[in-house]
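# Observations on the model geometry
Residue-level listing of the chains:
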Amino acid sequence: MRSLSVLQLAPFDTTRVLVTSPFLRPSVLGAIRLVIACYTLVTLVFSVARGIKDAALFFPLFTHLTYSGLCVYFFAAGLQTAVYARHREKGYPLQGSAKPWRFLYLALLSTITVFPFLVTTMFWALVYNSSTFASGSSGLSAISEGLLSAVFALFEILLTDTPASAWLLLPFGILLLLLYIGLGFIVFATQGSYTVAQNTHPLQLALNILTIVLIECAVFAIVHWIVALRQRVVARFVRAEVKATPWETEGLIPLR
């Protein structure tokens, strides 16, 4: 979608791509998003309850922060989609909200389609060990936060009309990652243990930060191109027989 790909906030989402899917009706899409939101919320509550003794270290973990972002996004997206499914002519609430809320929504979307893949990669490459599935509860948390987070992101990338995030939002994601690294040093200073801050050699720290930034840029670009490819495939094969409508000019015709 051209307007959102260049971060145009007004008029906002005139083609309703944020609340539609080429394969699902808005009502079904909204229901799925809300189910995912409820699942992620239950998982977060369960994780907090299970590790209540280490509650101070819960949210500083990138895995939990990313999963919390997924939870917030799917609740917001699910509610917007549900409203649109019921009152299509009137659009959905976010379209009538202030520009800062629209920006925050798009910024959140740009993170939940990128960060889960960073989490999955880091979790199974660095965190996974013999104790990961030592118990049913730890195994469930590992699967939910270390694997399903990427599946939920793929759902938004491949099965909805969600547009490619604007390149202007890439610095926003990088900034969040840098803030997370800074948070690591705060936790390390107050709690005495935190992975990202345990090696404080200046050169190693610089290399770690550079690596994180490069990975973020690479994943963001890959997701951007995958979404662009999905839009072309959908426009050519899925909606090729749909009668021309105002949406057709951008190759994005919501399934009714």
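About the criteria used
Residues numbered from 1 in each chain as written. Predicted model: local features only at pLDDT ≥ 70, side-chain atom pairs only at ≥ 80, totals over all residues. Heavy atoms only, no water. Helix = DSSP H or I, 4+ residues; strand = E, 2+ residues; numbered from the N terminus. Buried < 20%, exposed > 50% of the residue type's maximum accessible area, 1.4 Å probe, protein only. Axes fitted to C-alpha atoms, helices over the stretch in contact; angles between N-to-C directions. Parallel < 35°, antiparallel > 145°, perpendicular 65-115°, else oblique. Left-handed = near helix turned anticlockwise from the far one by under 90°. Contact = heavy atoms within 4.5 Å. Nonpolar A, V, L, I, M, F, W, Y, C, P; charged D, E, K, R; others polar. Salt bridge = Lys/Arg side-chain N within 4 Å of Asp/Glu carboxyl O. Phe/Tyr/Trp six-rings, centres within 6.5 Å; stacked < 30°, edge-to-face > 60°.

### Thoughts on the overall build of the chain
On a plain count of helices and strands, the chain comes out with 8 helices and 0 strands. Each helix (α) and strand (β) of the chain, taken in turn from the N terminus, gives the series α-α-α-α-α-α-α-α. Relative to its full complement of 256 residues, the chain shows a buried share of 45%.

### Observations concerning the packing of helix α3 (residues 62–86) against helix α4 (residues 99–112)
Where α3 meets α4, the axes come as close as 10 Å, and the angle between the chain directions of the two elements is 130°. Accordingly, the angle class assigned to the pair α3 and α4 is oblique. You can see that α3 and α4 cross each other, and the crossing is left-handed. Contact with α3, carried on its side by Gly69, Leu70, Val72, Tyr73, Ala76 and Ala77, involves Tyr105, Leu108, Leu109 and Ile112 of α4 and no other residues of that element. Partitioning the contact of α3 with α4 into residue classes produces 9 nonpolar, 1 polar and no charged.

### Some points on the pattern of salt bridges
By the definition in use, this model includes 1 salt bridge. Here Glu156 and Arg33 are joined by a salt bridge, their closest N and O atoms 2.9 Å apart. Of this pair, Glu156 sits in helix α6 (residues 136–159) while Arg33 sits in helix α2 (residues 26–50); the two residues are 123 residues apart in sequence, bridging distant segments of the chain. Arg33 matches Glu156 in its accessibility class, with the two residues each being buried.

### As for the packing of aromatic side chains
One pass over the full model with this rule turns up 7 aromatic pairs. When the centroid spacing of 5.3 Å and the interplanar angle of 75° are considered together, the rings of Tyr73 and Phe74 count as edge-to-face. In this pair, the class of Tyr73 matches that of Phe74, namely buried. Ring geometry for Trp167 and Phe220: centres 5.6 Å apart, planes at 50°, overall tilted. Of the two residues, Trp167 sits in the loop between α6 and α7 (170–191) while Phe220 sits in helix α8 (residues 202–238), which places them 53 residues apart along the sequence. Since its relative accessible area comes to 40%, Trp167 is described here as partly exposed. Aromatic ring contacts, followed pair by pair, group Tyr39, Tyr73, Phe74, Tyr105 and Phe152 into a single cluster.

### Looking at the side chain of Thr111
Mapped onto the fold, Thr111 is located in helix α4. Taking the relative accessible area as the measure of exposure, Thr111 reaches 7% and is therefore buried. Discounting residues that sit within four places of it in the chain, Thr111 has contacts with Pro116, Phe172 and Leu176.

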